[in-house]
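What the coordinates show
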Amino acid sequence: VKAAGGDAVVLTATDGLTLRDSEGHGDEHSEEGEHAEEDGEHAEHAEEDDHDHGEFDPHVWFDPANVKVIVASIAETFSAADPEHAEEFAANLASYQAELDELDAYIEGAIDSLTNRKIVTNHEAFGYYIDRYGLEFVGSVIPSLDSAAEPSASEIDELIDAIRAEGVTVIFTESSLPATVAEALASEAGITVVSGSDALYGDSLGPAGSPGETYLSMMRHNTDVLVKNLR
């Protein structure tokens, strides 16, 4: 954005959200750290801030309450940039937030029906979802927020031990990640892998016509897959 020049408004969509750190704890988003990054100044301070608070979990969209805050910020920014259409932005915002409320209620009702809430995923993408709806995260094939990381042999062994100890019955793979390691791990642990068309959408939406083509449909798909396989 800086390289492009110009005077376009840059909105940090996560402003105002309580972000999970890399250990899964909530922490207020640091405005001081944001401005250091935005200005490209005080890099040492920004690094200290990261060190003090840990890496933030970027997968904020897995909590619809976060998305309500984000779309409100977007609508406000659009209205300031294009005041002639402010009423239209406000109407669209109200309509979409109502859909988000319906989505939230749908997920809550579906998850509430479960007695088994223990899940294992490809990587640590679903923390906000797990926190909001009361699931229990046992572990992930890639023990990292970064889907490009690779698990060590000892980490795989630890996860297999946890799966057996917790009585986990299924590993959920993600549509944007290969299922090879998850399948090998599940085979060794003697449990099922959910993959293919039932894979969860984690770091990306799906193509047009797929269950993950929109945010709303992606969240319903993930919920339906989780509930179907945890019952």
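Residues numbered from 1 in each chain as written. Predicted model: local features only at pLDDT ≥ 70, side-chain atom pairs only at ≥ 80, totals over all residues. Heavy atoms only, no water.

A separate point is a negative patch on the surface. Negative charge collects at one region of the surface, where E155, D157, E158, D161 and E188 lie side by side. Given a relative accessible area of 41%, D157 falls into the partly exposed group. (Patch = residues over 30% accessible without salt bridge, like charges linked within 9 Å, V, L, I, M, F, W, Y side chains within 5 Å. Areas by Shrake-Rupley, 256 points an atom, 1.4 Å probe, with all protein chains shown as cover. Salt bridge = Lys/Arg side-chain N within 4 Å of Asp/Glu carboxyl O. Lys, Arg positive; Asp, Glu negative; His and termini not counted. Charge placed at Lys NZ, Arg CZ, Asp CG, Glu CD. Buried < 20%, exposed > 50% of the residue type's maximum accessible area, 1.4 Å probe, protein only.)

Moving on: the packing of helix α6 (residues 153-166) against helix α7 (residues 180-189). It is at 10 Å that the axes of α6 and α7 come closest, and there the two elements cross at 50°. Viewed along their axes, α6 and α7 adopt a mutual orientation that is oblique. In this structure, α6 crosses over α7, and the sense of that crossing is right-handed. Only V181, L185, E188 and A189 of α7 make contact with α6, whose side of the interface consists of I156, L159, I160, I163 and R164. (Axes fitted to C-alpha atoms, helices over the stretch in contact; angles between N-to-C directions. Helix = DSSP H or I, 4+ residues; strand = E, 2+ residues; numbered from the N terminus. Parallel < 35°, antiparallel > 145°, perpendicular 65-115°, else oblique. Left-handed = near helix turned anticlockwise from the far one by under 90°. Contact = heavy atoms within 4.5 Å.)

This brings us to the sheet that holds strand β6 (residues 192-194). What links the strands of a sheet is backbone hydrogen bonding, and the strands pair in either a parallel or an antiparallel sense. Ordered in space as β4-β3-β5-β6, the four strands form an open sheet in which the pairing is parallel. Both outer strands of the open sheet, β4 (136-142) and β6, are each paired with one neighbouring strand and no more. This sheet shows a mean twist of 30° between the axes of neighbouring strands, independent of strand direction. Of the pairings in the sheet, the one linking strand β3 (residues 118-123) to β4 comprises five bridges and is parallel in character. Following the sheet pairing, V120 is matched in β4 by G139. The strands touched by α6 are β3, β4 and β5 (170-172); relative to β4, the strand with the most contacts, the crossing angle is about 150°. (Pairing = 2+ DSSP bridges.)

Considering the arrangement of structural elements, one finds E174 in the loop between β5 and α7. The contact partners of E174, leaving out residues within four places of it in the chain, are T121, N122, H123, A125, F126, A199, L200, G202 and D203.

On to the packing of aromatic side chains, then. How two aromatic rings sit relative to each other is given by the distance of their centres and the angle of their planes. Summed over all chains, the structure comprises four aromatic pairs. Judged by centre distance (5.6 Å) and plane angle (45°), the rings of W61 and F62 are tilted. Three or more aromatic residues link up through ring pairs in this structure, and these residues are W61, F62 and F126. Directly above the aromatic system of Y128 lies the positively charged group of R20, at a separation of 5.7 Å from the ring centroid. Above the face of the Y106 ring, R220 is positioned so that its terminal group lies 4.2 Å from the ring centre. (Phe/Tyr/Trp six-rings, centres within 6.5 Å; stacked < 30°, edge-to-face > 60°. Lys NZ or Arg CZ within 6 Å of the ring centre and 35° of its normal.)

So, about the environment of M219. Summarising the element assignment, M219 is placed in helix α8 (residues 215-230). On the basis of relative accessible area, M219 is assigned to the buried category, the value being 0%. Along the primary structure M219 and W61 are separated by 158 residues, whereas in three dimensions their C-alpha atoms are 9.4 Å apart. The contacts of M219, once residues within four sequence positions are left out, are W61, F62, P64, L103, I107 and Y129.

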